[in-house]
Each structure stands twice: as C-alpha cells, then as structure tokens.
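Secondary and tertiary structure notes
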Amino acid sequence: MSVIFNLFANKIAKNMKKNDISRQDVIIDETQINKSIFKYGKRKNEEFILYRLKNGTKNGKLIIDIHGGAWIYGDAHLNEKHNEWFCLNGYDVISIGYPLLQKVRLYEMVKAILRALKMIEEKSNELKISLDNVLLIGDSAGGHLAMLIYAILNNKKFKEIYGAPDINLNIKMLYLEHPCAYLDNLLEGADGYAKFFLNLAFFGIKLKRNPIYRFSSANDILNLLDLPYTLIVTSTNDEFKYLSDRLNEDLLKKNSKYEFVVVDGEKHVFEVMNPLKESSINVNKKCLEIFENIC
C-alpha cells in the first residue's frame, strides 16, 4: 500500500474512532443475546459474529451486516448496537469483518468477505441458521460492499472476475444505509491527487489494467443486473447524500423495485450509530416490515 495513503487513512481512522465514542452511550439489554465469534482467516478483522436470542430465534430468517468505515476503519464489532437491535427484534444476525485498505486492495477485501460467507454456508447446519431468506445490510462503505457481494453471487461475469466460489445464499432484500457505492464519484470536489491515491488503494498502480476496475462500482453493477428489493436510507445532513441520490436516480431509470427514504435533520449513518433514536427505530422497523412482506 502507498505510504502516503496509509498515513492519510490512519489519521482519518483515528478521527472516526473518536467520533465513535457516542456509540458507547447507547444502552441495549444484552442479557437476552448470545454472541459467538468465528475466525475465517488469519488476517486481522477476518472474523464474523453471530448474534442470537438466548431463547432462540423463531422466524428462521437471517440478517447479514457488512459494516462501513470508509474501507479504512472498523471491524465485525463496529455496528454492535445496531446488530443487537435487530437481534432483539427476533432475528439471527451475522456481522462480517474484513481487512482494510491499509493492508489490502479491494479485490482481497471482497475475497475475504466471500470466504466468510462460504464458511457461514458450510457451518449453517451446525449454527442452526437458514440461508433461504436473507436480508443483506450495508452502511456507508458497507453499502458498496453489500451491492458488490450481491452482484458477485448473482451474475456470472462478476463471479468470474472475482473468482468466487459457489455460495448458496438467497438474498431476498438489500438494506443500504447511506451507501457510498459509486467509486467514480466518492470524493466530490476533491483534487486529483486525493482521487489518485484512493484509486491506487482500491486497484493498484495499473488500475485500468486491473480486471475488477470496471466491475466494482454501483454503475458497473446496475449495468449488468437488477438488484433485489432495496431500501435506501439517507438524511438531509448526510455529507454523502449525493451518492444516495445518484443511486435513487439510477434505480428509478431501471424501474427497479426499491424505496428511497430521506430523514430530515439527521447525519450520516445516524440509525447505525444510535438505533434507539425514534428516527432510527422508524427506518429500521420499516426495513423489517418490508423484509417480512417479501418473505
């Protein structure tokens, strides 16, 4: 990885960690939840967490969460309160961690998530989880990764490009929370140097020769396949709202089955940071209502 990029990324990650202190103030009754951690690789962050009610989950459905953090911050524990809220509403929840851009490029990051999913499939009987009705959630950068994972699992060309194994995962719905899914427009208004180093981190120095270069962004995905029913949530004070707006416009052009929700006065990933706020509960409950109707 570029030394300059890593210095810049680590500085941003430290600031993000400081801002995350507010998550610790969210009090959720964890006494009803069992949490089990599984390693799926040797790298740091290569683990997933299964959240399950102690008295058992009765609906047979599964939520898989891919955390955000600008591809440079976070792990499987980052969205703990968010995932506990969904678990307390009666669902098995799996949170997947993955190596970050300071250590790997996008290809290795995605391959790690695919390894986690393959392990989840192989251990599904042991874990007593069903993969027949899956809600895939991703916030911010995780929204991009969730879209990309769906494309890889459901499109032959994407599967070939990423060398993905066969994974039997029936994703019925996507919940994209403030998704940053357009890699060609992540740094709106930034100078050319910032964009260069970001592309270098994603794809390497010969980025346009990298096979995944044209198979990585939301526009690449939507050119080749349709998404399942998708709920997109953003907010008026989200500094990356323009990316959600673009996704809304592109899905509208495709006549896709989706819903676009803009919450007034809230910031980026507010419902992930504090799932107990009234505005957070409203959008997250909406997600579950749609998921139940689809299933």
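Residues numbered from 1 in each chain as written. Predicted model: local features only at pLDDT ≥ 70, side-chain atom pairs only at ≥ 80, totals over all residues. Heavy atoms only, no water.

Structural notes on the environment of Y182
Relative to the helices and strands, Y182 resides in the loop between β6 (171-177) and α7 (192-203). Taking the C-alpha atoms as reference points, Y182 and S216, separated by 34 residues in sequence, lie 8.6 Å from one another. Among residues more than four places away in sequence, those in contact with Y182 are S217, A218, N219, L222, L243, R246, L247 and D250. Polar side-chain contacts of Y182 include one of 2.5 Å to the side chain of D250. (Helix = DSSP H or I, 4+ residues; strand = E, 2+ residues; numbered from the N terminus. Contact = heavy atoms within 4.5 Å. Polar contact = N/O pair within 3.5 Å; in protein donor to acceptor, adjacent residues only side chain to side chain.)

Some details on the packing of helix α3 (residues 106-122) against helix α5 (residues 141-154)
Across the interface, α3 lies against α5 with an axial gap of 11 Å and an inter-helix angle of 70°. The orientation of α3 relative to α5 falls into the category roughly perpendicular. Of the two elements, α3 crosses α5, and the hand of that crossing is right-handed. The residues of α5 that touch α3, namely those facing L106, M109, V110, I113, L114 and L117, are H144, L145, L148, I149, I152 and L153. Partitioned by chemical class, the residues of the contact of α3 with α5 number 11 nonpolar, one polar and no charged. (Axes fitted to C-alpha atoms, helices over the stretch in contact; angles between N-to-C directions. Parallel < 35°, antiparallel > 145°, perpendicular 65-115°, else oblique. Left-handed = near helix turned anticlockwise from the far one by under 90°. Nonpolar A, V, L, I, M, F, W, Y, C, P; charged D, E, K, R; others polar.)

Topic: the pairing of strand β8 (residues 258-267)
As paired strands, strand β7 (residues 229-237) and β8 are joined by seven bridges and run parallel to one another. Note on β8: the bridge partner recorded for V233 is V261. (Pairing = 2+ DSSP bridges.)

Side note on helix α2 (residues 80-88)
With eight of its nine residues buried, α2 lies for the most part within the structure. Within α2, the full set of buried residues consists of E80, K81, H82, N83, E84, W85, F86 and C87. Directly beyond the C-terminal end of α2, a positive phi value near 105° is found at G90. (Buried < 20%, exposed > 50% of the residue type's maximum accessible area, 1.4 Å probe, protein only.)

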